[in-house]
Amino acid sequence: MISFKSVNKWFGDLHVLKDINIEVASGEVVVVCGPSGSGKSTLIRCINRLEPIQEGELVVDEMAVHDKKINMTKIRAEIGFVFQSFNLYPHMTALQNTTIAPIKVRKMKKEEADKLGRKMLTRVGLEDRIDHYPAQLSGGQQQRVAIARGLCMQPKIMLFDEPTSALDPEMIGEVLDVMKSLATEGMTMMVVTHEMGFAREVANRVVFMDEGKIVEVAPPNDFFTNPQTDRGKYFLSSILTH
Amino acid sequence: MLEALNFRVILEYMPLYLQCFAATLWLSALSLLGAILVGIIACAMRLSQSWFLKRMAGIYIESIRSTPLLAQLYFFYFGLPSLGIMMPEWVTGVIALTLNSGAYYAEIIRAGIQAISYGQIEAGISSGLSYFQRMRNIILPQPLGMTIRPMLGQAIVLVKDSSLLSLISIMELTRAGQMLTSDRFMPTEGFLTTAAFYLVIYYMLKVFSSWSEKRLVFQETH
């Protein structure tokens, strides 16, 4: 579903992704972790070309994202993206946030899109917040609207960029629960997160990155109990002991 | 002081004033619509990826903001006919006012757009919305709400600037005051009446602005 082959990326002189090779199969849940500045957010932002790559091949759902000439609109419609800072449209209600893309990109009729939006908002447990504006919702609720917004495009892949990092601790659970249910329903997911409980429970593999490189790829139980590299050991000890 | 005013003359000239009041209204309204449109286009050009469009918008905005409106008005009034382009006076006036305010609107709208977090734009990109769909549905509705006050301020400036059109012999409120003054030598009556009508327009705009502000403004968290 997602395939990185020898991908390199620079921000100016800064080499942020170094020779990335990884394949994500359909239905797989991959958690990406690593210290800040390791390139993990950049990695998933490349998948829908929020960041362009400079070298290598990146193929998503059989479409070549590395090809500068390709029309990204079609690929992006198949990929849901959930941001750390939610990025809801503040002038639209929860329902309008979820229906704008289906109406404009998928050319869905408004009634049909509203039905879909209600269904997805219900799925994330917000059936009573449909007509609220983002400013009237808590952080956890806003992030769940953002997930529903992604789901309304009926995507093949969902990408999450530190979805719980901006949340108060008591709201993290409600967002993770939604993500877990998605994972068990077979959604292909790549999740940048430090929520190790989530990784243990639903991830098929954990990708550990440091300094722009993929250092380790392993099933979560192997990675957490027996990391193969010193960097991995050091990272786990630093996040598990605080 | 009021008893010193000759209300009989003011009443006598009232039909002229009302006619000129209407003229100021529609000339300003037309220029305002044009200016907002020009402002949106110039702002889109300035924020675009293209070096050329950016530069063009920059030259337009800078040259308008660095020269007096009267000079711009005379440029269009005297300059264009000498290039063989003939237009009725009112068209020249509306073009000058439109292009002048358009530059200011471009900057007002730009400030509003740049206040929007880039994350929202990325969210739009991620869901497959095209540049124009993002502009139309996500970006433009927000500064239109946030910048009501500065937009209104510029609209008031535009209405007052329209008084300069009297200098290219367009019949509008200031011209009416000039006519009363030159016919009867009563500048106080002439221009106080003119000022009173401008005040009416100012209050109309103010009422409209607070009404639309209540409808359009929303709050953003985080």
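What you see is a predicted model; the values in this text were computed from it and never measured.

1. Here we look at the state of the cysteines
All names here are of chain A. For the structure shown, the criterion picks out 0 disulfides over all chains. Cysteine C46 remains unbridged, with the sulfur of C33 as its closest cysteine sulfur at 18 Å. Overall, C46 belongs to the buried group, its relative accessible area being 1%.

2. A closer look at helix α4 (residues 69-82) of chain B
Residues and elements named next belong to chain B. Look at α4: 20 Å from first C-alpha to last across 14 residues, which is about the 20 Å you get at 1.5 Å a residue. Of all bends in α4, the biggest is about 25 degrees, found at F76. Buried within α4 we find L69, Q72, L73, F76, G79 and L80. Residues of α4 that are buried make contact with α3 (51-65), α5 (89-114) and α9 (148-161). Remark: G84 follows α4 within two positions and exhibits a positive phi of approximately 90 degrees.

3. Brief notes about the confidence of the model for chain B
For chain B, the average pLDDT comes to 89, and 94% of its residues sit at 70 or higher. Model confidence for chain B, summarised as mean pLDDT per element, is weakest for helix α8 (residues 141-146) of chain B at 74 and strongest for α3(B) at 95.

4. Section: the pattern of salt bridges
Tallied over the entire structure, the rule returns 18 salt bridges over all chains. Put simply, R123(A) and E185(A) hold a salt bridge, and the shortest N to O gap is 2.2 Å. Placement of the pair is R123(A) in helix α4 (residues 110-123) and E185(A) in the loop between α6 (169-184) and β8 (188-192), with a sequence separation of 62 residues. Judged by its relative accessible area of 52%, E185(A) falls in the exposed class. Where R184(B) meets E12(B), a salt bridge forms, and the shortest distance between an N and an O atom there is 2.2 Å. Here R184(B) is found in helix α10 (residues 173-184), whereas its partner E12(B) is found in helix α1 (residues 7-12), with 172 residues between them in sequence. The partly exposed category is assigned to R184(B), whose relative accessible area is 30%. Ionic contacts of the salt-bridge type, sharing partners, join the residues K9(A), R45(A), E51(A) and E122(B) into one network.

5. Side note on the environment of C46(A)
Residues and elements named next belong to chain A. Topologically, C46 is positioned in helix α1 (residues 40-47). In this structure, the C-alpha to C-alpha distance between C46 and D210, residues 164 residues apart in sequence, is 17 Å. With residues near it in sequence (within four places) discarded, C46 still touches K9, L17, E51, I53, L58 and V65.

6. Quick notes on helix α5 (residues 139-151) of chain A
Look at α5(A): 18 Å from first C-alpha to last across 13 residues, which is about the 18 Å you get at 1.5 Å a residue. Extensive coverage of α5(A) is indicated by the burial of 13 of its 13 residues.

7. Notes on the sheet that holds strand β9 (residues 205-210) of chain A
All names here are of chain A. The sheet built from 6 strands is open, its strands ordered β6-β7-β8-β3-β9-β10 with mixed pairing. Strand pairing shows two members of the sheet lacking a second neighbour, β6 (79-82) and β10 (213-218), which therefore form its edges. Averaged over all pairs of adjacent strands, the angle between their axes in this sheet comes to 15 degrees, without regard to strand direction. Summarising the sheet, strand β3 (residues 29-33) and β9 pair through 4 bridges and their orientation is parallel. Note that in β9 the partner of V30 across the bridge is R205. Along the sheet, helix α9 (residues 230-240) contacts β3, β9 and β10; its crossing angle with β9, the most-contacted strand, is approximately 100 degrees.

8. Quick notes on the interface of chain A and chain B
The parts lose accessible area when they come together, and the size of an interface is often stated as this lost area. The interface is formed by 27 residues belonging to chain A together with 20 residues belonging to chain B. Between chain A and chain B, the buried area comes to about 1900 Å², and carbon and sulfur atoms account for 61% of it. Where chain A meets chain B, there are 1 salt bridge. Ionic pairing is found between R45(A) and E122(B), a salt bridge with its closest N-O pair at 2.5 Å. The tally of links from chain A across to chain B stands at 7 residue pairs in polar contact (both at pLDDT 80 or more).

9. With respect to the nonpolar core
Counting 74 residues, the largest nonpolar core has I2(A), F4(A), I47(A), L58(A), V60(A) and M190(A) as its most contacted members. Counting residues per element, this core draws most heavily on helix α2 (residues 14-46) of chain B, which supplies 7 residues. With near-sequence residues (within four places) excluded, I47(A) lies in contact with I2(A), F4(A), L58(A), V60(A), V65(A), I79(A), L159(A) and M190(A). F86(A), I172(A), V175(A) and A183(A) belong to the second largest nonpolar core, which has 50 residues in total.

10. Things to note about unusual backbone geometry
All names here are of chain A. Its identity is not glycine, yet K107 carries a phi of approximately 55 degrees, on the positive side. A relative accessible area of 61% means that K107 is categorised as exposed. For E162, which is not glycine, the phi dihedral falls at a positive 45 degrees. Assessed through its relative accessible area of 16%, E162 is described here as buried.

11. Quick notes on the pairing of β8(A)
Residue and element names in this part refer to chain A. Most of β8 is tucked away, with 5 of its 5 residues classed as buried. In the sheet, β3 pairs with β8 via 4 bridges, with the strands oriented parallel. Across the sheet, the residue bridging to V32 is V192, located in β8. Where strand β7 (residues 157-161) and β8 come together, 5 bridges link them in parallel fashion. Looking at β8, one finds that M158 is bridged to M189. Of the crossover connections in this fold, the one passing from β7 over α6 to the parallel β8 is right-handed.

12. As for the environment of Q142(B)
As for its position among the elements, Q142(B) is in helix α8. In sequence terms Q142(B) and A115(B) are 27 residues apart; their C-alpha atoms lie 9.3 Å from each other. Polar side-chain contacts of Q142(B) include one of 3.4 Å to the side chain of H91(A).

Thresholds, definitions, all that
Residues numbered from 1 in each chain as written. Chains lettered and ligands numbered in written order. Predicted model: local features only at pLDDT ≥ 70, side-chain atom pairs only at ≥ 80, totals over all residues. Heavy atoms only, no water. Disulfide = S-S within 2.5 Å. Buried < 20%, exposed > 50% of the residue type's maximum accessible area, 1.4 Å probe, protein only. Helix = DSSP H or I, 4+ residues; strand = E, 2+ residues; numbered from the N terminus. Expected span 1.5 Å × (residues − 1). Bend = angle between axes of the 7 residues up to and from the residue. Contact = heavy atoms within 4.5 Å. pLDDT = per-residue confidence, 0-100. Salt bridge = Lys/Arg side-chain N within 4 Å of Asp/Glu carboxyl O. Pairing = 2+ DSSP bridges. Axes fitted to C-alpha atoms, helices over the stretch in contact; angles between N-to-C directions. Buried area = accessible area lost by both parts, 1.4 Å probe. Polar contact = N/O pair within 3.5 Å; in protein donor to acceptor, adjacent residues only side chain to side chain. Core = buried A, V, L, I, M, F, W, Y, C linked by side-chain atoms within 4.5 Å. Right-handed = clockwise from strand over helix to strand, strands pointing away.

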